[in-house]
Amino acid sequence: MTTKKGVLLINLGSPDSTSVDDVRRYLREFLSDSRVLDGPKIQQQAVLNLFILPTRPKETAAAYKLVWTEEGSPLIVTTNKQRDLLAERVDMPVVVGMRYGNPSTRAAIEELKAKGVTEALVIPLYPHYTQSSFETAVAKAQEEAAEVAPNMKLTFQMPFYNDPDYIESLVAAAEEQLKKDYDHILFSYHGIPERHLRNADASGCYCLQSSDCCEKPNPMHGMCYRSQVFATSHAFAKKAGIPREKYSVSFQSRLGKDPWLKPFTDVQFEELPKKGVKKLLVISPAFVADNLETLEELGIRGREDFLKAGGTDYDVIPCVNVHPRWIDTLEKFVHNLAVLNP
């Protein structure tokens, strides 16, 4: 049988609009994912329906309104542009599917099937491994393909947090900001509960067992989000020539009262000016497309908090978005996946 390949880019997703109803629908789907809001199902649904959905959709809708574009959600608009630019470079169909919301992962697989694709080269647009991002995207693609295209083979791009081309694309996208006079660079990554790290460490012997656990080589690093974000940050700094004392790592967007990875980004915005950091650059390499977290949480609220705390200059480095070096990297991923599965 003749094999026809196609590419599926998977990203997180966004609500269909900034209306409270659409945001509530999106948050319900997102936070009903047991890999995101984990724990016993009854407890998960109680937290979701009693504590999150009554108030969070209105707050999140207001935040989305600050960054929404005429074309729609920044995340989806940029991911679609990445798709279009990649499609110009590869001789196969390229489609986009979101893990939550529209266009759905199922719709994307159906689109590939309609185009006669028998093998999907799937690229989850998450540089780092977590159960609540990469793992759930892979599981969703497998589940949907099993239902709508059971004969379609899926080949996945693994997390690329230390890929040299990805690192080079990050540095290239930051080129203009790095030319500025700055005191410090804060690498801010999406936070996760500490238990998610422990979930990935089946041995129970490595993750969070010591203060320097991520600095020592161990077999868990392939599934350890914390060690991977440090690896990305160190590789970026080395490539850009940034001394170790001039950058640090923090984590944003925590939810609930359980222990999450520290230090927290919003706390750093208050603490850094006290340490003499007046001119701050912020970058969020956990994302390859600007979104609510980079544009509103960091770009708007983060700026306000840092300046209020005594900072004088604040700049958010954009995600790789549609930078040519990032599109080069996507093309390389497709080529490598295709070669591995001729």
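The notes below deal with the structure included here. Numbering of residues begins from 1 in every chain and follows the order in which that chain's sequence is written. Given that the model is predicted, a residue must reach a pLDDT of at least 70 before its local features are reported, and side-chain atom pairs must reach 80 or more before they are shown or counted; all residues, however, enter totals for whole chains, interfaces and linings. Note that the side-chain values use all heavy atoms of the structure and ignore hydrogens as well as water.

### Quick word on the sheet that holds strand 7 (residues 279-283)
Thinking step 1. Overall, parallel pairing links the four strands, which are arranged 6-5-7-8 in an open sheet. Taken across any chain shown, the strands that pair with only one partner, and hence form the sheet edges, are strand 6 (247-252) and strand 8 (313-316). For this sheet, the mean inter-axis angle between neighbouring strands, taken without regard to orientation, is 25°.
Thinking step 2. At least two bridges found by DSSP between two strands are what make those strands a pair. Under the DSSP-based scheme used, a helix requires at least four consecutive residues in state H or I and a strand at least two consecutive residues in state E, with every element numbered from the N terminus. Relative to strand 8, strand 7 runs parallel, the two being bridged by four bridges. Each bridged residue has a counterpart across the sheet, and for Val282 the counterpart in strand 8 is Val316.
Thinking step 3. Contacts between residues were defined by any pair of non-hydrogen atoms, one from each residue, lying within 4.5 Å. Throughout, an axis means a line fitted to C-alpha atoms (over the contacting stretch in the case of helices), and angles, computed between N-to-C directions, take values from 0 to 180 degrees. Those strands touched by helix 10 (residues 225-240) are strand 5 (184-190), strand 6 and strand 7, and its axis lies near 145° from that of strand 6.
Thinking step 4. Docked against the sheet, helix 12 (residues 292-308) engages strand 5, strand 6, strand 7 and strand 8, running at close to 170° with respect to strand 8.

### Structural notes on the pairing of strand 5
Thinking step 1. Across the seven residues of strand 5, six count as buried, placing the element largely inside the fold.
Thinking step 2. Bridge analysis of strand 5 against strand 7 gives four bridges, and the strand direction is parallel. Directly across from His184, in strand 7, lies its bridge partner Leu280.
Thinking step 3. Across six bridges, strand 5 lies against strand 6 in parallel orientation. When the bridges of strand 6 are listed, Ile185 appears paired with Tyr247. Working definition: with a 1.4 Å probe on protein chains only, accessible area under 20% of the residue-type maximum means buried, over 50% means exposed, and in between means partly exposed.

### Quick word on the side chain of Thr18
Thinking step 1. Relative to the assigned elements, Thr18 resides in the loop between strand 1 (5-11) and helix 1 (20-31).
Thinking step 2. Non-local contacts of Thr18, meaning those with residues more than four positions away in its chain, are made with Val23, Ala61, Tyr64, Lys65 and Trp68.

### Quick notes on the packing of helix 7 (residues 164-173) against helix 10
Relative orientation and spacing of two packed helices are given, respectively, by the angle between their axes and the distance between those axes.
Thinking step 1. At a minimum axis separation of 9 Å, helix 7 and helix 10 run at an interaxial angle of 60°. You can see that helix 7 and helix 10 cross each other, and the crossing is right-handed. Across the interface between the two elements, Tyr166, Ile167, Glu168, Leu170 and Val171 from helix 7 touch Thr232, Ala235, Phe236, Lys239 and Ala240 from helix 10.
Thinking step 2. For this classification, the nonpolar set comprises Ala, Val, Leu, Ile, Met, Phe, Trp, Tyr, Cys and Pro, the charged set comprises Asp, Glu, Lys and Arg, and every other residue, Gly included, is treated as polar. Partitioned by chemical class, the residues of the contact of helix 7 with helix 10 number seven nonpolar, one polar and two charged. Less than a right angle of anticlockwise turn of the near helix away from the far helix marks a crossing as left-handed, whereas a clockwise turn marks it as right-handed.

### Re the pattern of salt bridges
Thinking step 1. The salt bridge criterion pairs a side-chain nitrogen of Lys or Arg with a carboxyl oxygen of Asp or Glu, the two atoms within 4 Å. Going through the model one piece at a time under the given rule, you end up with 25 salt bridges.
Thinking step 2. Ionic pairing is found between Asp22 and Arg25, a salt bridge with its closest N-O pair at 2.4 Å. Here Asp22 pairs with Arg25, and both are found in helix 1, just three residues apart, close to one helical turn.
Thinking step 3. Note that Arg89 is salt-bridged to Asp328, the shortest N-O span being 2.4 Å. A residue pair is termed long-range when its members are at least 10 positions apart, and Arg89 in the loop between helix 4 (74-87) and strand 2 (94-98) and Asp328 in helix 13 (residues 324-340) qualify at 239 residues.
Thinking step 4. Residue Arg89 is classed as partly exposed on the basis of its relative accessible area, which comes to 34%.
Thinking step 5. Sharing partners across several salt bridges, the network here consists of Arg89, Asp163, Asp165, Glu168, Arg325, Asp328, Glu331 and Lys332.

### Topic: the packing of aromatic side chains
Thinking step 1. Only Phe, Tyr and Trp rings are paired, with Trp represented by its six-membered ring, and only when their centres lie within 6.5 Å; those with planes under 30 degrees apart are stacked, over 60 edge-to-face, the remainder tilted. Scanning the model with the defined rule gives 13 aromatic pairs in all.
Thinking step 2. A centroid spacing of 5.7 Å and a plane angle of 80° characterise the contact between Tyr64 and Trp68, whose relative ring orientation is edge-to-face.
Thinking step 3. A relative accessible area of 7% means that Tyr64 is categorised as buried.
Thinking step 4. Residues Tyr166 and Trp326 carry aromatic rings whose centres are separated by 6.2 Å and whose planes lie at 70° to one another, so their mutual orientation is edge-to-face. Of the two residues, Tyr166 sits in helix 7 while Trp326 sits in helix 13, which places them 160 residues apart along the sequence.
Thinking step 5. Assessed through its relative accessible area of 0%, Tyr166 is described here as buried.
Thinking step 6. An aromatic cluster is present here, built from Phe160, Tyr166, Trp326 and Phe333 joined pairwise through their rings.
Thinking step 7. Charge over a ring is defined by NZ of Lys or CZ of Arg lying within 6 Å of the ring centre and within 35 degrees of the ring normal. Sitting over the face of the ring of Tyr182, Lys246 holds its NZ or CZ atom 4.4 Å from the ring centroid.

### Regarding unusual backbone geometry
Thinking step 1. A cis amide bond links Asn102 with the next residue in sequence, Pro103, at an omega value of -5°.
Thinking step 2. Along the polypeptide, Pro103 turns up in the loop between strand 2 and helix 5 (105-114).
Thinking step 3. Between Lys262 and the following residue, Pro263, the backbone shows a cis peptide bond with an omega angle of 5°.
Thinking step 4. The backbone of Ser253 shows a phi angle near 65°, a positive value even though the residue is not glycine.
Thinking step 5. Its place among the elements puts Ser253 in the loop between strand 6 and helix 11 (265-271).
Thinking step 6. Not every positive phi belongs to a glycine, and Asn321 is a case in point at roughly 45°.
Thinking step 7. Here Asn321 shows up in the loop between strand 8 and helix 13.

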